[in-house]
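Examination of the molecular architecture
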Amino acid sequence: MTTRNMEDYLEVIWNLQDKKGYVKAKDIAEKLEVSRPSVSEMIKKLSENEYIVYEKYGGIIFTGKGKKLAQEIKKRHTLLTEFLNIIGVDEQNAQTDACKLEHDVSPETITCLLEFVEFINLLPESSKWKENFQEYLEKRGLLERSSNKNKKL
């Protein structure tokens with residue numbers, strides 16, 4: 001059983017490996033804005049749970065089990081971000097909220113969201129539902145509030 005924190009680390013390791021081709025503990029510490037000892041402790045835990053292989057002063061490599069879980073976490077994050085974008089959430093908030101939601105959404109909900117996103121992406125370009133939904137949000141003042149929140153940040 002993984003914890004929310006373990007999943008965050010696995011996702012960061014996946015993203016770093018995808019971006020740089022390798023992962024070092026210091027990169028994880030920088031990305032998560034945590035101390036190096038915290039990273040070392042989590043690396044040990046992930047290694048004990050057979051999600052990664054880590055050689056001191058070397059890199060971090062996923063095991064088959066770890067790679068599968070990291071891909072699943074990344075897929076949930078991407079799906080939730082895309083869904084939030086579709087319903088009018090700006091990119092920055094969508095990324096932040098997806099990080100929070102990805103740990104708590106049931107597999108059934110993920111499956112339904114995936115089907116919804118795929119359905120929406122299959123609609124012809126001439127479909128006006130997205131524009132109509134954006135207009136609806138604007139009329140209700142919801143897009144303005146979202147934009148104003150970002151300006152205050």
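These remarks concern the structure in this document. (Residues numbered from 1 in each chain as written. Predicted model: local features only at pLDDT ≥ 70, side-chain atom pairs only at ≥ 80, totals over all residues. Heavy atoms only, no water.)

1. Remarks on the overall build of the protein chain
A count of helices and strands for the protein chain gives 8 helices and 2 strands. Taken from N to C terminus, the helices and strands of the protein chain fall in the order α-α-α-β-β-α-α-α-α-α. Across its three principal directions, the C-alpha atoms of the protein chain cover 55 × 35 × 25 Å. Classification of the 153 residues of the protein chain by burial places 33% in the buried group. Put simply, of all contacts in the protein chain between residues at least 6 apart along the chain, 55% involve residues at least 24 apart. Looking at the protein chain as shown, the accessible area adds up to about 10300 Å², and 52% of this sits on carbon and sulfur atoms. In the protein chain, 25 side chains carry a positive charge and 26 a negative one; their mean positions are 4 Å apart. (Helix = DSSP H or I, 4+ residues; strand = E, 2+ residues; numbered from the N terminus. Buried < 20%, exposed > 50% of the residue type's maximum accessible area, 1.4 Å probe, protein only. Contact = heavy atoms within 4.5 Å. Areas by Shrake-Rupley, 256 points an atom, 1.4 Å probe, with all protein chains shown as cover. Lys, Arg positive; Asp, Glu negative; His and termini not counted. Charge placed at Lys NZ, Arg CZ, Asp CG, Glu CD.)

2. Things to note about the packing of aromatic side chains
Taken as a whole and assessed by the stated rule, the structure comprises 4 aromatic pairs. Relative to F116, the ring of F83 lies with its centre 5.8 Å away and its plane at 75 degrees, an arrangement referred to as edge-to-face. Within this pair, whereas F83 is found in helix α4 (residues 64-86), its partner F116 is found in helix α6 (residues 107-122), the two being separated by 33 residues in sequence. F116 sits in the partly exposed class, given a relative accessible area of 30%. Aromatic pair W129 and F133: ring centres 6.5 Å apart, planes at 40 degrees, arrangement tilted. Placement of the pair is W129 and F133 together in helix α7 (residues 129-139), with a separation of 4 residues, close to one helical turn. Note on W129: relative accessible area 26%, which makes it partly exposed. Ring pairs connect the aromatic residues W129, F133 and Y136, which therefore count as one cluster. (Phe/Tyr/Trp six-rings, centres within 6.5 Å; stacked < 30°, edge-to-face > 60°.)

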